Amino acid sequence: FTYLLHLTHNSVINLSCAFYDYRVGKAALDSVNLEGRSFLTLKDFNAEEIKPILWVSADLKHRIKHRGEYVPLLQGKSIAMIFEKRSTRTRMATETGFSLLGGHPCFLTPQDIHLGVNESTTDTARVLSGLADVVLARVYSHSSLEHLDIDASIPVINGLSDLYHPIQVLADLSTLQEHYGSLKGLTLAWIGDGNNVLHSFMMSLAKLGVNLKVATPKGYEPDANVTQEAQLLSKQFGTKLQFLMDPMEAARHSSVLVTDTWVSMGQEEEKKKRLKDFHGYQITMQTGSVAAPDWTFLHCLPRKAEEVDDEVFYSPRSLVFTEAENHKWTIMGLMVCILTDYTPQIPKLKFKKNMWEKDIKNRILSSVCHL
Ligand SMILES: NC(=O)OP(=O)(O)O
């Protein structure tokens, strides 16, 4: 019942947000120009650059999915998609999204191209720069992306590296923006491995006013340099950042519970040890029982039951399938931002709640508590 009230409340707030800020038009995007930019890490993007990507993504979702419009913004453009590793979501999201916007995607695995076999990264980067408009690459080592980016004259997008997974976090931010109507003030609890997705959260959340609590087993903490950078960001933007070992402590009063695989691609040999080390980190309804009343669950997928049980994973709290779909709209939004000078048609998104909205929420919560 409490959750239903929250859903109703959020719908009212989202509706009000939709009519709140109507500064539509080129002026709103003019100060930010992302054309020609590479997207290797959210570390390189400030809040005023992240927000337009989310806005354009929401706009494309609205125009194409809800209004059924044809929006061929990428007509005549091609993307080279280099995948050193498997993918379901990123591949499908990029291929179908790029095509939907009128562009041409080319999927390239190490079996299809000379890169890494008999052609250098430098030469491949220069050749692709003449044949495509953008490269998206999923690589083992982040340095491969940096190398590609130095030698390519077209934008390079990180489709996942050992250090960051920024396009995943764009999908997650857009999912939370859709669900909560704003991001500022939320607390996200990361429970699990200190991996590339967490690193991308650490490089972006503070800039958007989101607090972060991280619970990892000993030995699985995030990268030390990323941690240092995140601590500086949290200080700069006045958000809370905590590193813990206790999953329940991380979940306490948090709005968003997030986990990911305990065994990433390339770590299969460590599986037995990892399953043992992560014992007690599974997200269940008991974890949720100490979270904020309107808590939700995210997982970038693919998911294993040891990380989150079925009860949470398939519950209304779980936003995972919207999150997977939003991978497509946010990749499309990103591509449009870096390849065109498009201006969204929907009202600018609102990333911060008004005081009166907070007041309504508090009143609803307190009346529920008195029932
Ligand atoms: N979340 C994610 O990146 O999924 P894929 O590995 O299927 O692309």
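Keep in mind it's a predicted model, so treat the numbers as computed, not measured.

So, the sheet that holds strand 1 (residues 78-83)
Step number 1: One open sheet holds the four strands; their spatial order is 2-1-3-4, and the pairing between them is parallel. Among the strands making up the open sheet, the edge pair consists of strand 2 (104-108) and strand 4 (156-158). Taking each pair of neighbouring strands and ignoring which way they run, the sheet shows an average axis angle of 20°.

A word on the confidence of the model for the chain
Any segment with low pLDDT has predicted coordinates that should not be analysed in fine detail.
Step number 1: Summing up the model confidence of the chain, the mean pLDDT is 90 and the portion of residues at 70 or higher is 87%.
Step number 2: Here residues 9-25 scores under 50 on pLDDT; set against residues more than four positions off or in separate chains, the count is 31 contacts.
Step number 3: The ipTM assigned to the predicted complex is 0.99, against a pTM of 0.89.

Re the site of the ligand
Step number 1: Around the ligand sit S87, T88, R89, T90, R138, H165, Q168, C300 and L301, and those are all the residues in its vicinity.
Step number 2: Q168 is positioned such that a nitrogen or oxygen atom in its side chain is 2.9 Å from a nitrogen atom of the ligand.
Step number 3: A distance of 3.2 Å is found between a nitrogen atom of the ligand and a backbone nitrogen or oxygen belonging to L301.
Step number 4: Alone, the ligand offers 250 Å² of accessible surface; in the complex the protein occludes 95% of this.
Step number 5: For the shell around the ligand, the residue count by class is two nonpolar, five polar and two charged.

A few points about the packing of aromatic side chains
Step number 1: Applying the stated criterion to the full structure yields eight aromatic pairs.
Step number 2: Consider the rings of Y220 and F278, whose centres lie 4.7 Å apart with planes at 55°: the pair is tilted. Of the two residues, Y220 is situated in the loop between strand 6 (211-215) and helix 9 (224-237) and F278 in the loop between helix 11 (271-277) and helix 12 (285-288); the sequence distance between them amounts to 58 residues.
Step number 3: Ring geometry for F313 versus Y314: centroids 4.9 Å apart, planes at 90°, classification edge-to-face.
Step number 4: Owing to a relative accessible area of 4%, F313 belongs among the buried residues under this scheme.
Step number 5: Judged by its relative accessible area of 55%, Y314 is exposed.
Step number 6: In this structure, R37 packs its charged tip against the face of F45, placed 4.2 Å from the ring centre.

Some details on the UniProt feature "domain: Aspartate/ornithine carbamoyltransferase Asp/Orn-binding" (unreviewed entry) in the chain
Step number 1: Annotation from UniProt places "domain: Aspartate/ornithine carbamoyltransferase Asp/Orn-binding" (unreviewed entry) at residues 184-337.
Step number 2: End-to-end, the C-alpha atoms of residues 184-337 are 23 Å apart, and along that stretch the chain is 38% helix and 14% strand.

Quick word on unusual backbone geometry
Step number 1: Of note, the amide linkage connecting L301 to P302 takes the cis form, showing an omega dihedral of 5°.
Step number 2: Topologically, P302 is positioned in the loop between strand 9 (296-299) and helix 13 (310-313).
Step number 3: Positioned with a positive phi, L301 is a non-glycine residue whose angle comes to about 70°.
Step number 4: Tracing the sequence through the fold places L301 in the loop between strand 9 and helix 13.

Observations regarding the side chain of S129
Step number 1: With respect to the secondary-structure elements, S129 resides in helix 5 (residues 121-131).
Step number 2: By relative accessible area, which is 14% here, S129 ends up buried.
Step number 3: Within the structure, S129 has its side chain in polar contact with the backbone nitrogen of S153 (distance 2.9 Å).
Step number 4: Leave out the neighbours within four places in its chain, and S129 touches A152, S153 and I154.

With respect to the UniProt feature "domain: Aspartate/ornithine carbamoyltransferase carbamoyl-P binding" (unreviewed entry) in the chain
Step number 1: Sequence positions flagged by UniProt for "domain: Aspartate/ornithine carbamoyltransferase carbamoyl-P binding" (unreviewed entry) are, in local numbering, residues 37-178.
Step number 2: Helix and strand shares over residues 37-178 are 46% and 13% respectively, and the end C-alpha atoms of the span are 26 Å apart.

Brief notes about the domain arrangement of the chain
Step number 1: Annotation of the chain at the domain level lists domain 1 (42-165 + 327-339) and domain 2 (167-263 + 275-324).
Step number 2: Here the C-alpha centre of domain 2 lies 25 Å away from the C-alpha centre of domain 1.
Step number 3: Each partner contributes residues to the interface: domain 1 has 27 residues there, and domain 2 has 26 residues.
Step number 4: Where domain 1 abuts domain 2, roughly 2,100 Å² becomes buried across the two surfaces, and 67% of that area is made up of carbon and sulfur atoms.
Step number 5: Three residues stand out in domain 1 for area buried against domain 2, namely L42, R89 and H165, and they jointly supply 31% of the buried area on that side.
Step number 6: Summed over the shared surface of domain 1 and domain 2, the result is one salt bridge.
Step number 7: Residues K61 and E178 are paired through a salt bridge, measuring 2.8 Å at the closest nitrogen-oxygen approach.
Step number 8: Taken together, the connections running from domain 1 to domain 2 amount to 12 residue pairs in polar contact (both at pLDDT 80 or more).
Step number 9: It is helix 3 (residues 47-66) that contributes the most residues to the side of domain 1 that touches domain 2, six residues altogether.
Step number 10: Partitioning the side of domain 1 that touches domain 2 into residue classes produces 13 nonpolar, eight polar and six charged.

A word on the nonpolar core
Step number 1: Residues F39, L60, I157, L176, L183, L188 and M335 are the most contacted members of the largest nonpolar core, which totals 67 residues.
Step number 2: When residues of this core are assigned to their parent elements, the largest contribution, nine residues, is made by helix 14 (residues 320-339).
Step number 3: Looking at this core, you find at least three residues from each of domain 1 (42-165 + 327-339) and domain 2 (167-263 + 275-324).

Things to note about the packing of helix 3 against helix 7 (residues 166-180)
Packed helices, taken two at a time, are described by the angle between their axes plus the distance between the axes.
Step number 1: Running from N to C, helix 3 and helix 7 cross one another at 70°; their axes reach a closest spacing of 10 Å. On the basis of their axis angle, the class for helix 3 and helix 7 is roughly perpendicular. The chirality of how helix 3 crosses helix 7 is right-handed. For the pair helix 3 and helix 7, the contacting residues are I50, I53, L54 and K61 in the first and L170, L173, S174 and E178 in the second.
Step number 2: Here the contact of helix 3 with helix 7 is composed, by residue class, of five nonpolar, one polar and two charged.

Conventions and cut-offs
- Residues numbered from 1 in each chain as written.
- Predicted model: local features only at pLDDT ≥ 70, side-chain atom pairs only at ≥ 80, totals over all residues.
- Heavy atoms only, no water.
- Pairing = 2+ DSSP bridges.
- Helix = DSSP H or I, 4+ residues; strand = E, 2+ residues; numbered from the N terminus.
- Axes fitted to C-alpha atoms, helices over the stretch in contact; angles between N-to-C directions.
- pLDDT = per-residue confidence, 0-100.
- Contact = heavy atoms within 4.5 Å.
- Near = heavy atom within 4 Å.
- Polar contact = N/O pair within 3.5 Å; in protein donor to acceptor, adjacent residues only side chain to side chain.
- Areas by Shrake-Rupley, 256 points an atom, 1.4 Å probe, with all protein chains shown as cover.
- Nonpolar A, V, L, I, M, F, W, Y, C, P; charged D, E, K, R; others polar.
- Phe/Tyr/Trp six-rings, centres within 6.5 Å; stacked < 30°, edge-to-face > 60°.
- Buried < 20%, exposed > 50% of the residue type's maximum accessible area, 1.4 Å probe, protein only.
- Lys NZ or Arg CZ within 6 Å of the ring centre and 35° of its normal.
- UniProt positions renumbered as here; feature names shortened; annotations may be inferred.
- Domains from an automatic or database assignment.
- Buried area = accessible area lost by both parts, 1.4 Å probe.
- Salt bridge = Lys/Arg side-chain N within 4 Å of Asp/Glu carboxyl O.
- Core = buried A, V, L, I, M, F, W, Y, C linked by side-chain atoms within 4.5 Å.
- Parallel < 35°, antiparallel > 145°, perpendicular 65-115°, else oblique.
- Left-handed = near helix turned anticlockwise from the far one by under 90°.

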